[in-house]
Amino acid sequence: MSVQPALAVHGGAWDIPVDWLEAHRDGCRIAFEAGWKSLADGGSALDACEEAVRILEDDPTFDAGRGAFLNREGDVELDAALMRGDTLDIGAVAAVRGIANPIQLARQVLEDGSHIFLVGSGARLFAREVGIAGCAPAELVVPRELDRWKQAVEAGNFRPDSAFGPSQKKGGTVGAVARDQEGRLAVAISTGGSPFKRVGRVGDSPLVGCGFYADDELGAACCTGLGEAIAKVVLARLSVEELRGDQEPEAALKRAFEVLERRVKGLAGVILVDRRGRIAVDFNTPHMAYTFRDAQGRSGSAPDQGE
Ligand code: ASP
(Lines give C-alpha, C1' and ligand atoms only; values in the text may rest on other atoms or scores of the structure.)
Protein backbone atom coordinates (compact mmCIF):
# COMPACT_ATOMS: atom_id res chain seq x y z
CA MET A 1 0.00 0.00 0.00
CA SER A 2 1.40 3.37 -0.98
CA VAL A 3 0.50 6.64 0.77
CA GLN A 4 1.33 10.26 0.07
CA PRO A 5 4.65 11.37 1.57
CA ALA A 6 5.08 14.34 3.88
CA LEU A 7 8.19 16.28 4.87
CA ALA A 8 9.10 19.28 7.02
CA VAL A 9 12.58 20.71 7.54
CA HIS A 10 13.56 23.49 9.89
CA GLY A 11 16.52 25.79 10.39
CA GLY A 12 15.93 27.02 13.93
CA ALA A 13 13.60 29.36 15.84
CA TRP A 14 14.67 32.77 17.15
CA ASP A 15 14.70 36.41 16.00
CA ILE A 16 16.18 35.97 12.50
CA PRO A 17 17.90 39.22 11.47
CA VAL A 18 16.61 40.79 8.24
CA ASP A 19 19.90 40.33 6.39
CA TRP A 20 19.84 36.59 7.15
CA LEU A 21 16.29 35.91 5.98
CA GLU A 22 17.16 34.95 2.44
CA ALA A 23 19.93 32.55 3.42
CA HIS A 24 17.60 30.79 5.87
CA ARG A 25 14.78 30.58 3.36
CA ASP A 26 17.06 29.25 0.62
CA GLY A 27 18.83 26.81 2.93
CA CYS A 28 15.58 25.25 4.10
CA ARG A 29 14.18 25.09 0.56
CA ILE A 30 17.24 23.36 -0.89
CA ALA A 31 17.30 20.78 1.91
CA PHE A 32 13.55 20.26 1.58
CA GLU A 33 13.77 19.67 -2.17
CA ALA A 34 16.47 17.03 -1.78
CA GLY A 35 14.48 15.25 0.93
CA TRP A 36 11.27 15.49 -1.07
CA LYS A 37 12.90 14.00 -4.17
CA SER A 38 14.13 11.09 -2.09
CA LEU A 39 10.59 10.47 -0.77
CA ALA A 40 9.02 10.87 -4.22
CA ASP A 41 11.48 8.28 -5.58
CA GLY A 42 10.24 5.83 -2.96
CA GLY A 43 13.04 6.39 -0.43
CA SER A 44 12.58 5.83 3.27
CA ALA A 45 11.56 8.58 5.70
CA LEU A 46 14.84 7.98 7.54
CA ASP A 47 16.95 8.50 4.39
CA ALA A 48 15.01 11.66 3.47
CA CYS A 49 15.48 13.18 6.92
CA GLU A 50 19.18 12.30 7.00
CA GLU A 51 19.71 13.75 3.53
CA ALA A 52 17.93 17.02 4.35
CA VAL A 53 19.85 17.45 7.60
CA ARG A 54 23.20 16.64 5.98
CA ILE A 55 22.59 19.43 3.45
CA LEU A 56 21.72 21.87 6.25
CA GLU A 57 24.88 20.82 8.14
CA ASP A 58 26.93 21.73 5.06
CA ASP A 59 25.30 25.17 4.85
CA PRO A 60 27.27 27.58 7.11
CA THR A 61 24.12 29.68 7.65
CA PHE A 62 22.97 27.25 10.33
CA ASP A 63 24.16 26.22 13.79
CA ALA A 64 25.08 22.71 12.67
CA GLY A 65 28.17 21.21 11.04
CA ARG A 66 30.34 23.96 9.57
CA GLY A 67 29.12 27.34 10.87
CA ALA A 68 28.12 26.05 14.33
CA PHE A 69 28.59 28.11 17.47
CA LEU A 70 31.86 27.87 19.36
CA ASN A 71 31.98 26.75 22.96
CA ARG A 72 33.78 28.65 25.73
CA GLU A 73 37.14 27.26 24.62
CA GLY A 74 36.52 28.42 21.05
CA ASP A 75 35.87 24.89 19.70
CA VAL A 76 32.98 23.41 17.74
CA GLU A 77 31.29 20.50 19.56
CA LEU A 78 28.37 18.95 17.69
CA ASP A 79 25.28 16.92 18.62
CA ALA A 80 23.03 14.94 16.23
CA ALA A 81 20.40 12.21 16.31
CA LEU A 82 17.84 10.34 14.26
CA MET A 83 15.02 7.91 14.95
CA ARG A 84 12.80 5.49 13.01
CA GLY A 85 9.13 5.44 13.90
CA ASP A 86 8.53 1.82 12.81
CA THR A 87 11.19 0.08 14.94
CA LEU A 88 11.84 2.95 17.42
CA ASP A 89 15.55 2.53 16.60
CA ILE A 90 17.71 5.49 17.63
CA GLY A 91 21.20 6.74 16.80
CA ALA A 92 22.63 9.76 18.61
CA VAL A 93 26.01 11.43 19.14
CA ALA A 94 26.98 14.39 21.31
CA ALA A 95 29.93 16.67 22.05
CA VAL A 96 31.71 15.38 18.94
CA ARG A 97 34.70 17.30 17.57
CA GLY A 98 36.21 17.16 14.09
CA ILE A 99 33.26 15.52 12.32
CA ALA A 100 31.68 17.64 9.58
CA ASN A 101 28.45 15.64 9.30
CA PRO A 102 27.52 14.23 12.70
CA ILE A 103 24.14 13.13 11.32
CA GLN A 104 25.98 10.48 9.26
CA LEU A 105 27.71 9.30 12.40
CA ALA A 106 24.38 9.14 14.25
CA ARG A 107 23.03 7.05 11.37
CA GLN A 108 25.89 4.60 11.81
CA VAL A 109 25.10 4.33 15.52
CA LEU A 110 21.51 3.50 14.58
CA GLU A 111 22.51 0.94 11.94
CA ASP A 112 25.06 -0.69 14.25
CA GLY A 113 22.29 -1.14 16.80
CA SER A 114 24.41 -2.16 19.79
CA HIS A 115 24.06 1.26 21.46
CA ILE A 116 21.82 4.27 20.96
CA PHE A 117 24.05 7.16 22.09
CA LEU A 118 27.82 7.79 21.87
CA VAL A 119 29.59 10.92 23.11
CA GLY A 120 32.89 12.75 22.79
CA SER A 121 36.01 10.71 22.17
CA GLY A 122 34.01 7.46 22.08
CA ALA A 123 31.93 8.79 19.20
CA ARG A 124 35.15 9.78 17.38
CA LEU A 125 36.56 6.31 17.89
CA PHE A 126 33.39 4.78 16.48
CA ALA A 127 33.59 7.16 13.49
CA ARG A 128 37.03 5.80 12.69
CA GLU A 129 35.78 2.23 13.01
CA VAL A 130 32.93 2.78 10.55
CA GLY A 131 35.09 4.75 8.10
CA ILE A 132 33.74 8.27 8.64
CA ALA A 133 36.67 10.61 8.03
CA GLY A 134 37.42 13.28 10.60
CA CYS A 135 38.34 16.84 9.70
CA ALA A 136 40.54 19.45 11.36
CA PRO A 137 38.33 21.11 14.03
CA ALA A 138 39.27 24.52 12.55
CA GLU A 139 37.57 23.57 9.26
CA LEU A 140 34.20 23.83 11.03
CA VAL A 141 34.85 27.36 12.31
CA VAL A 142 33.55 30.30 10.22
CA PRO A 143 34.68 33.94 10.71
CA ARG A 144 31.17 35.02 11.83
CA GLU A 145 31.30 32.62 14.78
CA LEU A 146 34.90 33.46 15.62
CA ASP A 147 33.85 37.12 15.89
CA ARG A 148 30.88 36.20 18.08
CA TRP A 149 33.15 34.15 20.32
CA LYS A 150 35.69 36.97 20.63
CA GLN A 151 32.93 39.39 21.58
CA ALA A 152 31.62 36.97 24.20
CA VAL A 153 35.11 36.57 25.66
CA GLU A 154 35.54 40.35 25.78
CA ALA A 155 32.09 40.90 27.32
CA GLY A 156 32.96 38.37 30.01
CA ASN A 157 29.37 37.89 31.17
CA PHE A 158 27.77 36.18 28.18
CA ARG A 159 24.83 33.92 29.02
CA PRO A 160 24.00 31.23 26.41
CA ASP A 161 20.26 31.53 27.14
CA SER A 162 20.29 35.24 26.17
CA ALA A 163 20.88 34.15 22.56
CA PHE A 164 17.27 32.96 22.25
CA GLY A 165 15.75 36.29 23.22
CA PRO A 166 14.72 39.06 20.83
CA SER A 167 17.23 40.71 18.50
CA GLN A 168 20.03 38.21 18.98
CA LYS A 169 22.00 37.22 15.92
CA LYS A 170 22.24 33.49 16.07
CA GLY A 171 21.95 30.64 13.64
CA GLY A 172 19.63 27.75 14.29
CA THR A 173 19.66 24.06 14.95
CA VAL A 174 18.43 22.07 11.95
CA GLY A 175 16.02 19.16 11.70
CA ALA A 176 13.52 17.19 9.63
CA VAL A 177 10.47 14.98 10.10
CA ALA A 178 9.01 12.80 7.36
CA ARG A 179 6.45 10.18 6.37
CA ASP A 180 7.39 7.99 3.41
CA GLN A 181 5.21 6.21 0.84
CA GLU A 182 5.04 3.14 3.08
CA GLY A 183 3.64 5.27 5.90
CA ARG A 184 6.82 5.07 8.00
CA LEU A 185 7.83 8.09 10.07
CA ALA A 186 11.30 9.39 10.96
CA VAL A 187 13.10 12.37 12.46
CA ALA A 188 16.65 13.76 12.24
CA ILE A 189 18.29 16.66 14.10
CA SER A 190 21.72 18.31 14.24
CA THR A 191 23.15 21.23 16.20
CA GLY A 192 26.17 23.06 17.54
CA GLY A 193 24.12 23.75 20.67
CA SER A 194 24.02 27.17 22.27
CA PRO A 195 26.66 29.88 21.78
CA PHE A 196 29.51 30.00 24.31
CA LYS A 197 28.27 26.82 25.99
CA ARG A 198 30.42 25.06 28.55
CA VAL A 199 32.71 22.37 27.16
CA GLY A 200 30.76 19.11 27.25
CA ARG A 201 27.35 20.83 27.47
CA VAL A 202 24.62 18.79 25.79
CA GLY A 203 21.19 20.31 25.15
CA ASP A 204 17.89 18.78 24.13
CA SER A 205 18.75 18.00 20.51
CA PRO A 206 20.42 14.55 20.83
CA LEU A 207 18.31 13.50 23.84
CA VAL A 208 15.53 11.11 22.88
CA GLY A 209 12.10 12.58 23.58
CA CYS A 210 13.52 16.03 24.23
CA GLY A 211 14.79 17.29 20.86
CA PHE A 212 13.38 14.47 18.73
CA TYR A 213 10.93 11.56 18.74
CA ALA A 214 9.25 9.32 16.15
CA ASP A 215 6.62 6.63 16.62
CA ASP A 216 4.63 5.31 13.66
CA GLU A 217 1.60 4.83 15.93
CA LEU A 218 1.40 8.57 16.65
CA GLY A 219 3.80 10.95 14.88
CA ALA A 220 7.28 12.44 14.71
CA ALA A 221 8.52 15.73 16.20
CA CYS A 222 11.69 17.78 16.00
CA CYS A 223 12.43 20.73 18.30
CA THR A 224 14.65 23.78 18.37
CA GLY A 225 15.13 26.57 20.91
CA LEU A 226 16.63 26.82 24.36
CA GLY A 227 17.61 23.22 25.05
CA GLU A 228 17.66 23.38 28.83
CA ALA A 229 13.96 24.35 28.92
CA ILE A 230 12.91 21.98 26.11
CA ALA A 231 14.51 19.03 27.89
CA LYS A 232 12.70 19.75 31.16
CA VAL A 233 9.29 19.13 29.56
CA VAL A 234 10.54 16.43 27.13
CA LEU A 235 8.99 18.51 24.37
CA ALA A 236 9.30 16.19 21.34
CA ARG A 237 7.68 13.24 23.12
CA LEU A 238 5.11 15.56 24.68
CA SER A 239 4.16 16.90 21.24
CA VAL A 240 3.85 13.37 19.80
CA GLU A 241 1.89 12.16 22.84
CA GLU A 242 -0.62 14.98 22.37
CA LEU A 243 -1.58 13.39 19.01
CA ARG A 244 -3.16 10.45 20.85
CA GLY A 245 -6.84 9.98 19.99
CA ASP A 246 -6.18 11.26 16.46
CA GLN A 247 -5.88 14.87 17.60
CA GLU A 248 -5.06 17.50 14.95
CA PRO A 249 -1.29 18.27 14.89
CA GLU A 250 -1.99 22.02 15.35
CA ALA A 251 -4.00 21.31 18.50
CA ALA A 252 -1.32 18.91 19.77
CA LEU A 253 1.37 21.57 19.43
CA LYS A 254 -0.82 24.19 21.06
CA ARG A 255 -1.12 22.00 24.14
CA ALA A 256 2.59 21.13 24.17
CA PHE A 257 3.52 24.84 24.03
CA GLU A 258 1.07 25.58 26.80
CA VAL A 259 3.05 23.18 29.03
CA LEU A 260 6.43 24.57 27.87
CA GLU A 261 5.41 28.14 28.66
CA ARG A 262 3.51 27.48 31.89
CA ARG A 263 6.04 25.11 33.46
CA VAL A 264 9.43 26.47 32.34
CA LYS A 265 8.75 29.67 30.34
CA GLY A 266 10.57 28.02 27.43
CA LEU A 267 11.24 29.45 23.97
CA ALA A 268 11.08 26.92 21.15
CA GLY A 269 9.93 25.87 17.70
CA VAL A 270 8.59 22.42 16.76
CA ILE A 271 7.78 20.63 13.49
CA LEU A 272 5.32 17.74 13.84
CA VAL A 273 4.00 15.13 11.40
CA ASP A 274 1.28 12.65 12.37
CA ARG A 275 0.75 9.11 11.06
CA ARG A 276 -1.68 10.43 8.41
CA GLY A 277 0.99 12.76 7.08
CA ARG A 278 -0.56 15.96 8.43
CA ILE A 279 2.05 18.55 9.41
CA ALA A 280 2.01 21.41 11.93
CA VAL A 281 4.67 23.98 12.79
CA ASP A 282 4.56 26.14 15.90
CA PHE A 283 6.99 28.48 17.68
CA ASN A 284 6.91 31.14 20.37
CA THR A 285 10.08 32.94 19.24
CA PRO A 286 9.82 35.91 16.83
CA HIS A 287 10.62 33.72 13.79
CA MET A 288 11.22 30.16 12.71
CA ALA A 289 12.84 28.97 9.48
CA TYR A 290 11.06 26.01 7.85
CA THR A 291 9.68 24.46 4.68
CA PHE A 292 7.04 21.71 4.55
CA ARG A 293 4.61 19.84 2.34
CA ASP A 294 2.11 17.44 3.85
CA ALA A 295 0.25 14.40 2.54
CA GLN A 296 -2.89 16.49 1.97
CA GLY A 297 -0.96 18.78 -0.40
CA ARG A 298 -0.65 21.69 2.02
CA SER A 299 2.71 23.44 1.91
CA GLY A 300 4.36 26.36 3.66
CA SER A 301 7.64 28.04 4.34
CA ALA A 302 9.08 30.80 6.47
CA PRO A 303 10.52 33.31 6.98
CA ASP A 304 8.30 34.88 4.30
CA GLN A 305 9.49 37.44 1.82
CA GLY A 306 7.79 40.24 3.73
CA GLU A 307 8.99 39.24 7.21
N1 ASP B 1 18.09 23.34 21.07
C2 ASP B 1 19.48 23.59 20.76
C3 ASP B 1 20.30 23.41 22.04
O4 ASP B 1 19.91 23.94 23.05
C5 ASP B 1 19.75 24.94 20.17
C6 ASP B 1 18.81 25.41 19.08
O7 ASP B 1 17.80 24.77 18.82
O8 ASP B 1 19.07 26.43 18.41
O9 ASP B 1 21.34 22.81 21.97
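Residues numbered from 1 in each chain as written. Predicted model: local features only at pLDDT ≥ 70, side-chain atom pairs only at ≥ 80, totals over all residues. Heavy atoms only, no water.

Draft legend 1. Inspection of unusual backbone geometry at higher detail. A cis amide bond links Ala-302 with the next residue in sequence, Pro-303, at an omega value of 0°. Structurally, the position occupied by Pro-303 is in the segment after β12 (299-302). Although it is not a glycine, Ala-95 sits at a positive phi angle of roughly 55°. Judged by its relative accessible area of 14%, Ala-95 is buried. Located in the positive-phi region is Asp-246, a residue other than glycine, with phi close to 60°. One can find Asp-246 in the loop between α7 (235-241) and α8 (249-264). (Helix = DSSP H or I, 4+ residues; strand = E, 2+ residues; numbered from the N terminus. Buried < 20%, exposed > 50% of the residue type's maximum accessible area, 1.4 Å probe, protein only.)

Draft legend 2. Just the nonpolar core, in detail. Grouped together as the largest cluster of nonpolar side chains are 43 residues, with contacts concentrated most on Val-177 and Leu-235. Other than its neighbours up to four places away in sequence, Leu-235 contacts Gly-209, Cys-210, Cys-223, Ile-230, Ala-256, Leu-260, Ala-268 and Val-270. With 42 residues, the next largest nonpolar core counts Ala-64, Ala-123, Val-174 and Ala-186 among its residues. (Core = buried A, V, L, I, M, F, W, Y, C linked by side-chain atoms within 4.5 Å. Contact = heavy atoms within 4.5 Å.)

Draft legend 3. Summary view of the site of the ligand. Among the 10 residues in the neighbourhood of the ligand, the closest are listed as Thr-173, Arg-201, Asp-204, Thr-224 and Gly-225. A distance of 2.6 Å is found between an oxygen atom of the ligand and a side-chain nitrogen or oxygen belonging to Thr-224. Between the ligand and Gly-225, the relevant distance is 2.7 Å, taken from a nitrogen atom to a main-chain nitrogen or oxygen of the residue. In isolation the ligand has 270 Å² of accessible area, and contact with the protein removes 100% of it. The residue makeup of the shell around the ligand, split by class, is 1 nonpolar, 6 polar and 3 charged. (Near = heavy atom within 4 Å. Polar contact = N/O pair within 3.5 Å; in protein donor to acceptor, adjacent residues only side chain to side chain. Areas by Shrake-Rupley, 256 points an atom, 1.4 Å probe, with all protein chains shown as cover. Nonpolar A, V, L, I, M, F, W, Y, C, P; charged D, E, K, R; others polar.)

Draft legend 4. Quick look at the packing of aromatic side chains. Counted under the stated rule, the structure contains 2 aromatic pairs. Look at Phe-32 and Trp-36: their rings are 5.6 Å apart centre to centre, the planes differ by 20°, and that puts the pair in the stacked class. Here the residue Phe-32 and the residue Trp-36 both occupy positions in helix α1 (residues 21-40), the gap between them amounting to 4 residues, near one helical turn. Overall, the relative accessible area of 4% leaves Phe-32 in the buried class. Accessibility expressed as a relative area gives 16% for Trp-36, which makes it buried. In this arrangement the basic side chain of Arg-293 is found over the ring face of Trp-36, its NZ or CZ atom lying 4.6 Å from the centre. (Phe/Tyr/Trp six-rings, centres within 6.5 Å; stacked < 30°, edge-to-face > 60°. Lys NZ or Arg CZ within 6 Å of the ring centre and 35° of its normal.)

Draft legend 5. Here's a closer look at the pattern of salt bridges. The final tally for this structure, using the stated rule, is 26 salt bridges. With its nearest N and O atoms 3.8 Å apart, the salt bridge here joins Arg-29 to Glu-33. Pair noted here: Arg-29 and Glu-33 are both in helix α1, with a separation of 4 residues, about one helical turn. You can call Arg-29 partly exposed: its relative accessible area is 37%. For the salt bridge of Asp-41 with Lys-37, the shortest nitrogen-to-oxygen distance reads 2.8 Å. For the pair Asp-41 and Lys-37, a shared accessibility class is recorded, and that class is exposed. Here the residues in one salt-bridge network are Asp-246, Glu-248, Asp-274, Arg-276 and Arg-278, joined through shared partners. (Salt bridge = Lys/Arg side-chain N within 4 Å of Asp/Glu carboxyl O.)

Draft legend 6. Focus on α8. End to end, α8 covers 22 Å across 16 residues, agreeing with the expected 22 Å (1.5 Å per residue, within 8%). Buried within α8 we find Pro-249, Ala-252, Leu-253, Ala-256, Phe-257, Val-259 and Leu-260. The arc that holds every buried residue of α8, seen down its axis, measures 155°, which confines them to one face. Those residues of α8 that are exposed and aimed more than 90 degrees away from the buried face are Lys-254 and Arg-262. A positive phi of about 50° marks Lys-265, the residue just after α8. (Expected span 1.5 Å × (residues − 1). Arc of directions from axis to C-beta.)

Draft legend 7. Molecular detail of the sheet that holds strand β7 (residues 212-215). Reading across the sheet, the 4 strands line up as β7-β8-β9-β10 and stay open at both edges, with antiparallel pairing between neighbours. Because the sheet does not close on itself, it has two edges, and the strands there are β7 and β10 (279-283). Each strand of the sheet is rotated relative to its neighbour by a mean of 10°, with strand direction disregarded. As defined by bridge partners, β7 adjoins strand β8 (residues 219-225) across 4 bridges and the pair is classed as antiparallel. If you follow Asp-215 over to β8, its bridge partner there is Gly-219. (Pairing = 2+ DSSP bridges. Axes fitted to C-alpha atoms, helices over the stretch in contact; angles between N-to-C directions.)

Read these as spatial facts, not as claims about activity.
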